[in-house]
Amino acid sequence: ILGSISPSECFSLSLARLPSLGNRIGARGARRGGVVGGRMQSTSPPKTSDAYRFEAVGDSLPTRDSGKVSWPRLAPSRFTHPLDTQATRALKRLPFAETLVRQGFGGMVEQAIYLDNLSNSVRVGPKQLPDIYEMLQEAKEILGLSSLSVDIFVRQNPAPNAYTMAMQGQKPFIVLHSSLISLLSKEELQAVIAHELGHLKCEHGVWITLSNIITVFASQLPGNLGRTLGETFSASTLRWLRAAELSCDRAALLVAQDPRVVVSVIMKLSGGGAGFGQDLNPEDYARQARDFEQESERSWMFRRMREAMTSQLSHPLPVERVRELDKYAKSSDYRILLNSGTPIGGKRTSGGERTGVKVYMRFCANCAGGRQSQ
């Protein structure tokens, strides 16, 4: 349904597979699969009026010094990438589209994958890998998914990866590869789980599957019209997939509440190893991402090379993900959202003030905003 994905992709985290279909945590992202074909001349996303606001606050990644906050009623629109939001809204206007995906074949696919997970993986629970179970419960609480029953399965696989069907059906699940658990710290592994929960929160599986169905039908039209429409829809779907990954990187940040953790995951999946992970530096990798952005913008030729590198990928380049995350972590939108949360272990007074935990956000000492606190 969603296209085949090569085993080399990874935190690019997710949609389902059977078990080979789905979104992944991929560091590089997948090249187009069977149902996604063709390409479009330009891969630049359309300009949107609701793009998030960001402010330059120095080169250092912001940090937090206190307990985490949660959002019990968090709406996906509060953190999704503008292009992701735009595409989802457009498909929601189609009559009966959601019902077609959910009831037409979504339930059968979900049940088949669930049985495969039960037969070939280890299911996480309070008495089975309890640390991972607790990571999941906290991440669900932070993202306002406490009422959603989600299973985590650990599967033996040498390629670090994670994926989900990204649909809140009867048996939502997340699969973690054993090598991923060995590679990452506990905080980083929770960020991966949060990324997958982001796909579930936004139900990307429903809408991207529908987009692929439309692409297939459009490509079947006769003559040049079918080929042109198929190529256009295919390129648009891939661009949407890349935006969906950026949305879920933001979900990972909302749970980690420290951009270094999420940057470290992307960095390790790009060029990390269990034997030298402690020597990798997220700040340096963020600077590498800035260097890539500057170099690729130096000329028209470099910009075209950058587009060619990404046009057939379902996930953004790792450095592009880091750059987007860096900008979002320094944005006023993120700070406003962070300060609107309810501290875990704390509560709000009748006047709306939070008690129990103080929330601090520290930025570069040279930035205009200085230290933000509440």
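In what follows, the structure referred to is the one given above.
Residues numbered from 1 in each chain as written. Predicted model: local features only at pLDDT ≥ 70, side-chain atom pairs only at ≥ 80, totals over all residues. Heavy atoms only, no water.

Colleague: Just to check I follow, could you spell out the packing of aromatic side chains for this structure?
Modeller: A ring pair, where both rings are aromatic, is described by two values, the distance of the centres and the angle of the planes. Under the counting rule described, the total for this entry stands at two aromatic pairs. When the centroid spacing of 5.9 Å and the interplanar angle of 80° are considered together, the rings of Tyr114 and Phe153 count as edge-to-face. Taken as a pair, Tyr114 in helix H2 (residues 97-120) and Phe153 in strand S4 (residues 151-155) lie far apart in primary sequence, 39 residues in all. Of the residues examined, Tyr114 reaches a relative accessible area of 8% and is grouped as buried. Classification of Phe153 as buried rests on a relative accessible area of 0%. Look at Tyr328 and Tyr334: their rings are 5.6 Å apart centre to centre, the planes differ by 50°, and that puts the pair in the tilted class. Here Tyr328 matches Tyr334 in class, with each residue buried. A cation over an aromatic ring shows up here: Lys171 above the ring of Tyr114, its NZ or CZ 4.7 Å from the ring centre. The lysine or arginine in question, Arg250, covers the ring of Tyr328, its NZ or CZ lying 4.3 Å from the ring centre. (Phe/Tyr/Trp six-rings, centres within 6.5 Å; stacked < 30°, edge-to-face > 60°. Helix = DSSP H or I, 4+ residues; strand = E, 2+ residues; numbered from the N terminus. Buried < 20%, exposed > 50% of the residue type's maximum accessible area, 1.4 Å probe, protein only. Lys NZ or Arg CZ within 6 Å of the ring centre and 35° of its normal.)

Colleague: In this structure, what is going on with the environment of Pro158? I would like to understand it.
Modeller: Position of Pro158 among the secondary structure elements: in the loop between S4 and strand S5 (162-164). Residue classification places Pro158 among the exposed positions, given a relative accessible area of 76%. Distance in space between the C-alpha atoms of Pro158 and His177 is 7.5 Å, their sequence separation being 19 residues.

Colleague: Any chance you could explain the side chain of Thr85 here in plain terms?
Modeller: By the secondary structure assignment, Thr85 is in helix H1 (residues 82-92). Residue classification places Thr85 among the buried residues on the basis of a relative accessible area of 10%. There is a polar contact of 2.5 Å between the side chain of Thr85 and the side chain of Thr80. (Polar contact = N/O pair within 3.5 Å; in protein donor to acceptor, adjacent residues only side chain to side chain.)

Colleague: Whenever I open this one, the nonpolar core confuses me. Can you help?
Modeller: If you look at soluble globular proteins, the nonpolar side chains tend to sit buried side by side. Core analysis: the largest hydrophobic core is formed by 57 residues, its most contacted members being Leu176, Ile193 and Leu197. Among the elements that take part in this core, helix H5 (residues 186-202) stands out by supplying eight residues, more than any other. If near-sequence neighbours (up to four positions away) are discounted, Leu197 is found in contact with Leu136, Ala139, Lys140, Leu143, Leu145, Val150 and Ile174. Core analysis: the second largest hydrophobic core is formed by nine residues, Leu91, Val206, Leu238 and Leu241 among them. (Core = buried A, V, L, I, M, F, W, Y, C linked by side-chain atoms within 4.5 Å. Contact = heavy atoms within 4.5 Å.)

Colleague: Just checking my understanding: could you explain a nonpolar patch on the surface for this structure?
Modeller: Together, Trp300, Met301 and Met305 make up an exposed nonpolar region whose accessible area comes to about 380 Å². Relative to the elements of secondary structure, Trp300 occurs in helix H10 (residues 300-310). (Patch = residues over 30% accessible without salt bridge, like charges linked within 9 Å, V, L, I, M, F, W, Y side chains within 5 Å. Areas by Shrake-Rupley, 256 points an atom, 1.4 Å probe, with all protein chains shown as cover. Salt bridge = Lys/Arg side-chain N within 4 Å of Asp/Glu carboxyl O.)

Colleague: I'm lost on the packing of helix H8 (residues 259-271) against helix H11 (residues 318-329) in this one. Help?
Modeller: Interaxial distance between H8 and H11 falls to 10 Å at its minimum, and their mutual angle equals 175°. Accordingly, the angle class assigned to the pair H8 and H11 is roughly antiparallel. Every residue of H11 that contacts H8 at Pro259, Val262, Val263, Ile266 and Ser270 is listed here: Pro318, Arg321, Val322, Leu325 and Ala329. In terms of residue class, the contact of H8 with H11 is made up of eight nonpolar, one polar and one charged. (Axes fitted to C-alpha atoms, helices over the stretch in contact; angles between N-to-C directions. Parallel < 35°, antiparallel > 145°, perpendicular 65-115°, else oblique. Nonpolar A, V, L, I, M, F, W, Y, C, P; charged D, E, K, R; others polar.)

Colleague: Is there a simple way to think about the environment of Ser311 in this case?
Modeller: Along the chain, Ser311 falls in the loop between H10 and H11. What makes Ser311 buried here is its relative accessible area of 7%. For the pair formed by Ser311 and Arg242, sequence separation is 69 residues and the distance between their alpha carbons is 9.8 Å.

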